[in-house]
Amino acid sequence: MTEPSILLEIADRVATVTLHRPERLNAFDEAMHAQLAQALDRIELDRAIRAVLLTGAGRAFCAGQDLGERQIADPTLDLGATLDRLYNPLIRRLQRLERPVLCAVNGVAAGAGANLALACDIVLAARSASFIQAFCKLGLVPDSGGTFILPRLVGPARAMGLAMIGEPLPAEQAEAWGLIWRCVDDDRLMEEAHALAAHLATQPTRGLGLTKRALHASAGNGLDEQLDLERDLQREAGRTEDYQEGVAAFLGKRQPAFKGR
Ligand code: T3D
């Protein structure tokens, strides 16, 4: 029996998704894409899941596209089509998923693997990890949202340097540049990631989902549109049970017990 290339574990309201092709540094082949899509189907349908944690098996997070699948010169090969079919839907799904998505970058994240990590809501990285916009080494363009997210997170000058030079950006520098939330010692990464995911899974899930929607929309909106969007989303948030619970808990001087509704 072939080993699964995606592991999905659901416990205590947290779905942990592990990229699992360690011998290929968790590079994406067709099967891994398909299995990750299935895992996301499952997560989207299960409202009891209130946080997602994405990580990689072995010494790497993900080395992007499996280049073994691209080795034969094929004149019909259309990389635009593979982005349309595989990578773009994945990035869109993660960004639209109305649950917090935490990424624990346990080692090198290269090519689409780096941008997959950066498409998550909160990125923790092991101190020994690095981020590589490896595309330029192959004559390709950063994909999986890289050209969108990099300049917004680190500014155009650093985005251009990362994309054109393709040097590994160590996790500490990624944190200092504002590319990721936090860099932690290697032996603490998974403990901290699980603790944060467990915390997020007890928070007001609807409110966090609406917050995510507002922050993503801000990239394309002017202030007026954004104020209108905040009004609309706040109206929705104000109708949740969790808002009522938050106010009651504050006034009652107790910890809230959010239900994610
Ligand atoms: O094609 C499309 O559909 C378009 C979409 C493209 C999206 C992309 O992601 S393009 C970018 C693809 N990724 C890369 O270019 C990264 C390639 N990998 C590397 O540059 C290096 O492996 C790393 C910097 C990530 C790590 O280096 P190192 O020295 O720690 O490890 P290594 O020795 O290079 O790799 C270990 C093994 O993993 C090795 O196999 P071996 O020799 O032990 O049998 C290596 O070939 C394999 N591996 C690493 N990355 C890939 C890979 N095998 C297939 N595809 C990979 N991407």
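Computed from a predicted model, the values in this text were never measured in an experiment. (Residues numbered from 1 in each chain as written. Predicted model: local features only at pLDDT ≥ 70, side-chain atom pairs only at ≥ 80, totals over all residues. Heavy atoms only, no water.)

What follows is about the sheet that holds strand S5 (residues 101-105). Across the sheet, 6 strands lie side by side as S1-S2-S3-S5-S7-S10; this open sheet has mixed pairing. The open sheet has two edge strands with one neighbour each: strand S1 (6-11) and strand S10 (182-184). Taken pair by pair, the neighbouring strands of this sheet meet at an average axis angle of 20 degrees, ignoring direction. In the sheet, strand S3 (residues 51-56) pairs with S5 via 4 bridges, with the strands oriented parallel. What sits directly across from Leu-54, in S5, is Cys-103. Those strands touched by helix H1 (residues 30-45) are S1, strand S2 (14-19) and S3, and its axis lies near 15 degrees from that of S1. (Pairing = 2+ DSSP bridges. Helix = DSSP H or I, 4+ residues; strand = E, 2+ residues; numbered from the N terminus. Axes fitted to C-alpha atoms, helices over the stretch in contact; angles between N-to-C directions. Contact = heavy atoms within 4.5 Å.)

Counted under the stated rule, the structure contains 1 aromatic pair. Judged by centre distance (5.9 Å) and plane angle (70 degrees), the ring pair of Phe-28 and Tyr-87 falls under edge-to-face. Residue Phe-28 is located in the loop between S2 and H1, and its partner Tyr-87 is located in helix H2 (residues 79-96); the two are separated by 59 residues in the primary sequence. Residue Phe-28 is classed as buried on the basis of its relative accessible area, which comes to 1%. Residue class for Tyr-87 comes out buried when judged on its relative accessible area of 4%. Directly above the aromatic system of Phe-148 lies the positively charged group of Arg-152, at a separation of 3.7 Å from the ring centroid. (Phe/Tyr/Trp six-rings, centres within 6.5 Å; stacked < 30°, edge-to-face > 60°. Buried < 20%, exposed > 50% of the residue type's maximum accessible area, 1.4 Å probe, protein only. Lys NZ or Arg CZ within 6 Å of the ring centre and 35° of its normal.)

In this section: helix H4 (residues 146-154). All of the buried residues in H4 are Gly-146, Ile-149, Leu-150 and Val-154. When H4 is viewed along its axis, its buried side chains cluster within an angular range of 100 degrees and face the same direction. Buried residues along H4 sit in contact with H2, helix H3 (112-118) and helix H5 (156-165). Just beyond H4, the residue with positive phi is Gly-155, at close to 90 degrees. (Arc of directions from axis to C-beta.)

Let us look at the pairing of S5. With respect to burial, S5 is a largely interior element, 5 of its 5 residues being buried. Pairing of S5 with strand S7 (residues 122-126), which is carried by 4 bridges, proceeds in the parallel orientation. What sits directly across from Leu-102, in S7, is Ile-122.

Before going further, it helps to spend a moment on the domain arrangement of the chain. How big an interface is tends to be reported as the loss of accessible area on association of its parts. Split into domains, the chain comes out as domain 1 (6-200) and domain 2 (205-251). Carbon and sulfur atoms supply 45% of the area that domain 1 and domain 2 bury against each other, a total of about 850 Å² over both sides. Among the residues domain 1 hides against domain 2, the three largest losses belong to Arg-50, Gln-95 and Glu-98. Together they make up 57% of the total. Applying the counting rule to domain 1 against domain 2 returns 3 salt bridges. Linking Lys-212 and Asp-121 is a salt bridge whose minimum nitrogen-to-oxygen distance equals 2.8 Å. For the interface between domain 1 and domain 2, the tally reads 8 residue pairs in polar contact (both at pLDDT 80 or more). (Domains from an automatic or database assignment. Buried area = accessible area lost by both parts, 1.4 Å probe. Salt bridge = Lys/Arg side-chain N within 4 Å of Asp/Glu carboxyl O. Polar contact = N/O pair within 3.5 Å; in protein donor to acceptor, adjacent residues only side chain to side chain.)

In the vicinity of the ligand, 24 residues are found, and the nearest of them are Arg-24, Arg-59, Gln-65, Arg-70 and Thr-82. Between the ligand and Arg-59 there is a distance of 2.8 Å, counted from an oxygen atom to a side-chain nitrogen or oxygen. The separation between an oxygen atom of the ligand and a polar side-chain atom of Thr-82 is 2.6 Å. When the free accessible area of the ligand is taken as 1100 Å², the share hidden by the protein chains comes to 66%. Breaking the shell around the ligand down by element, the ones donating at least two residues are H2 and strand S6 (108-110). (Near = heavy atom within 4 Å. Areas by Shrake-Rupley, 256 points an atom, 1.4 Å probe, with all protein chains shown as cover.)

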